[in-house]
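# Survey of secondary and tertiary structure
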Amino acid sequence: MYNNKKDKEKDTKYRKVEAMWRRGCSVDEIVRSVKLSKMDVLDATQKIFALDMKRA
């Protein structure tokens, strides 16, 4: 499914960000636990929000 280990790690981190975001965690809490930059977390949450808006 994944081309390499890096893609798998990226997907795993995205899934963690999504789960924490849906639970209502703040961006700072997500940054601390997932160990991504704040910009990466904000980008992921923006994509999640956009997908939710398309579904609605």
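Everything below is about the structure printed above this text.
Residues numbered from 1 in each chain as written. Predicted model: local features only at pLDDT ≥ 70, side-chain atom pairs only at ≥ 80, totals over all residues. Heavy atoms only, no water.

## Structural notes on the nonpolar core
Using the following cut-off: Among buried residues, the Ala, Val, Leu, Ile, Met, Phe, Trp, Tyr and Cys ones that are joined through side-chain atoms within 4.5 Å form a nonpolar core. For each residue, the accessible area found with a 1.4 Å probe, counting protein chains only, is set against the maximum for its type, and the residue is called buried under 20%, exposed over 50%, and partly exposed in between. Numbering of helices and strands runs from the N terminus, with a helix taken as a DSSP run of H or I at least four residues long and a strand as a DSSP run of E at least two residues long. What makes two residues a contact is simply this: any of their non-hydrogen atoms within 4.5 Å.
Counting residues in each nonpolar core, the largest one holds 8 residues, listed as Val-17, Met-20, Cys-25, Val-27, Ile-30, Val-34, Val-41 and Ala-44. Of all the elements in the fold, those that place two or more residues in this core are α1 (5-23), α2 (27-34) and α3 (38-55). If you tally residues by element for this core, the top one is α2, at 3 residues. Setting aside anything within four residues of it in sequence, one finds Val-17 in contact with Ile-30, Val-34, Leu-36, Val-41, Ala-44 and Thr-45.

## Re the packing of α1 against α2
The criterion, for reference: Structural elements are reduced to axes, namely lines fitted to C-alpha atoms, with helices fitted over the stretch in contact, and the angle between N-to-C directions of any two is expressed from 0 to 180 degrees. Two helices cross in a left-handed way if the nearer one is turned anticlockwise from the farther one by less than a right angle. They cross in a right-handed way if the turn is clockwise. Under this grouping Gly is polar, as are all residues other than the nonpolar Ala, Val, Leu, Ile, Met, Phe, Trp, Tyr, Cys and Pro and the charged Asp, Glu, Lys and Arg.
At a minimum axis separation of 10 Å, α1 and α2 run at an interaxial angle of 145°. Here α1 and α2 pass one another in a crossing that is right-handed. Taking contact as the criterion, the partners of Lys-13, Lys-16, Val-17, Met-20 and Trp-21 in α1 are, on α2, Val-27, Glu-29, Ile-30, Ser-33 and Val-34. By residue class, the composition of the contact of α1 with α2 is 6 nonpolar, 1 polar and 3 charged.

## Regarding unusual backbone geometry
You will see that Lys-35, though not glycine, has its phi angle at about 65°, which is positive. The residue Lys-35 is located in the loop between α2 and α3 in this model.

## Brief notes about the environment of Lys-13
Residue position: Lys-13 is located in helix α1. Assessed through its relative accessible area of 30%, Lys-13 is described here as partly exposed. Lys-13 sits 21 residues away from Val-34 along the chain, and the two C-alpha atoms are 6.5 Å apart. Among residues more than four places away in sequence, those in contact with Lys-13 are Val-34, Lys-35 and Leu-36.

## Description of the packing of α2 against α3
One way to put it is that α2 packs onto α3 with a least axis distance of 9 Å and a crossing angle of 120°. Here α2 and α3 pass one another in a crossing that is right-handed. When α2 is examined against α3, the residues Val-27, Asp-28, Ile-30 and Val-31 are found in contact with a partner set consisting of Lys-38, Val-41 and Leu-42. Looking at the contact of α2 with α3 residue by residue, the class counts come to 5 nonpolar, no polar and 2 charged.

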